[in-house]
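# Inside the fold
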Amino acid sequence: MSQNRNQLDPTTQATITIAWVIVLNKPFYPVYVWYLVGNGVVASLGTLLSAPLFLAIPFLARRSPLTARIALPLIGTLDTLLETKLFGSTSGTELYFAACIMLVALSFQAHEKWWQRGMAVLVFAVFVFSRNFIGVPLYVWSAPELATLFNLNAFAVASLLAFITLRHAGVPRT
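Keep in mind that what you see is a predicted model, and the values were worked out from it rather than measured.

Another point: the overall build of the protein chain. When its secondary structure is counted, the protein chain shows eight helices and zero strands. Along the chain direction, N to C, the helices and strands of the protein chain fall in the order α-α-α-α-α-α-α-α. Against the globule reference of 16 Å for 174 residues, the protein chain gives a C-alpha radius of gyration of 16 Å, in line with a compact fold. Counting every position in the protein chain, which comprises 174 residues, the buried fraction comes to 44%.

Inspection of the entire model under this criterion finds seven aromatic pairs. Centroid distance W34 to Y35: 6.5 Å. Interplanar angle 50°. Geometry classified as tilted. Of the two residues, W34 and Y35, both sit in the exposed class. Between F87 and W141, the ring centres sit 5.3 Å apart and the planes meet at 20°, which makes this aromatic pair stacked. Taken together, the positions of F87 in helix α5 (residues 65-87) and W141 in the loop between α7 (113-133) and α8 (143-168) put the pair 54 residues apart, joining distant regions of the chain.

Turning to the layout of surface pockets, a few remarks are in order. For the largest pocket, the calculated volume is near 570 Å³. Mapped by element, the contributors of at least two residues to the lining of the largest pocket are α1 (10-25), α2 (28-36), α5, α6 (96-106) and α8. Looking at the lining of the largest pocket, the element that brings in the most residues is α8, giving seven residues. Of the residues assigned to the lining of the largest pocket, the class counts are 16 nonpolar, five polar and three charged.

Another aspect to go through is the pattern of salt bridges. Working definition: two side chains of opposite charge can pair if their charged atoms are close together. Here the structure, examined in full by the defined rule, presents four salt bridges. With its nearest N and O atoms 2.6 Å apart, the salt bridge here joins R69 to E112. A residue pair is termed long-range when its members are at least 10 positions apart, and R69 in helix α5 and E112 in the loop between α6 and α7 qualify at 43 residues. For R69, a relative accessible area of 3% translates into the label buried. Salt bridges here are not isolated pairs; linked through shared partners, they connect K26, D79 and E83.

To continue, consider a nonpolar patch on the surface. A contiguous nonpolar surface patch, about 680 Å² in accessible area, is contributed by F28, V31, Y32, W34, Y35 and L36. Looking at where Y32 falls in the secondary structure, it is placed in helix α2. Y32 sits in the partly exposed class, given a relative accessible area of 39%.

Here the focus is α6. The complete set of buried residues in α6 reads Y96, F97, A99, C100, L103, V104 and L106. Contacts from the buried residues of α6 go to α1, α2, α5, α7 and α8.

Bringing the packing of α6 against α7 into the picture now. Two elements in contact, α6 and α7, have axes separated by 9 Å at closest approach and are oriented at 170°. Between α6 and α7, the angle falls in the class roughly antiparallel. Residues F97, C100, I101, V104, A105 and L106 of α6 touch α7, and the partners they reach there are Q116, M119, A120, V123, F124, V126, F127 and S130.

Quick notes on the rules
Residues numbered from 1 in each chain as written. Predicted model: local features only at pLDDT ≥ 70, side-chain atom pairs only at ≥ 80, totals over all residues. Heavy atoms only, no water. Helix = DSSP H or I, 4+ residues; strand = E, 2+ residues; numbered from the N terminus. Rg over C-alpha atoms; globule rule 2.2 N^0.38 Å. Buried < 20%, exposed > 50% of the residue type's maximum accessible area, 1.4 Å probe, protein only. Phe/Tyr/Trp six-rings, centres within 6.5 Å; stacked < 30°, edge-to-face > 60°. 1 Å grid on protein atoms, 1.4 Å probe; cavity = no way out; pocket = protein on both sides within 12 Å on 5 of 7 lines; lining within 4 Å. Points joined across faces, edges and corners; volume = space filled by probe spheres on them. Nonpolar A, V, L, I, M, F, W, Y, C, P; charged D, E, K, R; others polar. Salt bridge = Lys/Arg side-chain N within 4 Å of Asp/Glu carboxyl O. Patch = residues over 30% accessible without salt bridge, like charges linked within 9 Å, V, L, I, M, F, W, Y side chains within 5 Å. Areas by Shrake-Rupley, 256 points an atom, 1.4 Å probe, with all protein chains shown as cover. Contact = heavy atoms within 4.5 Å. Axes fitted to C-alpha atoms, helices over the stretch in contact; angles between N-to-C directions. Parallel < 35°, antiparallel > 145°, perpendicular 65-115°, else oblique.

What follows is the structure, encoded as structure tokens:
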């Protein structure tokens, strides 16, 4: 069943907005790395690999709102895992798992509680895997570079969490 964006439920509309914000911000991350760290810019281009997946979410929502609402935290979780492997756990990329969990908390209707529970377990399991089994990063950063990356990622995650909260404010949960 094809649906118009105006006919989508408010939770799915919020999902679409958040996906667009992520897509539009993805290209700036390597620029921030270049400006703030000055090193590892080519490695940071790996963060763009997930952009097409986030871009697919608004189009997916037209066919299946639930699938789109599952896709946003799922893609975010896989993106976070990739970035943690790329940058290392001390870079602060694992903080993005908090945004993924928040999306799981806000992206489902009451009757979709089993999807929500399953996604919460999945995001947490991937976090535990990342924390314990991810191995050495694909790119080696110096201690000062990692401190800068951690600050960049902490600010970005806090900004994303604030945006998610503002976008979901007042969205009815049925």
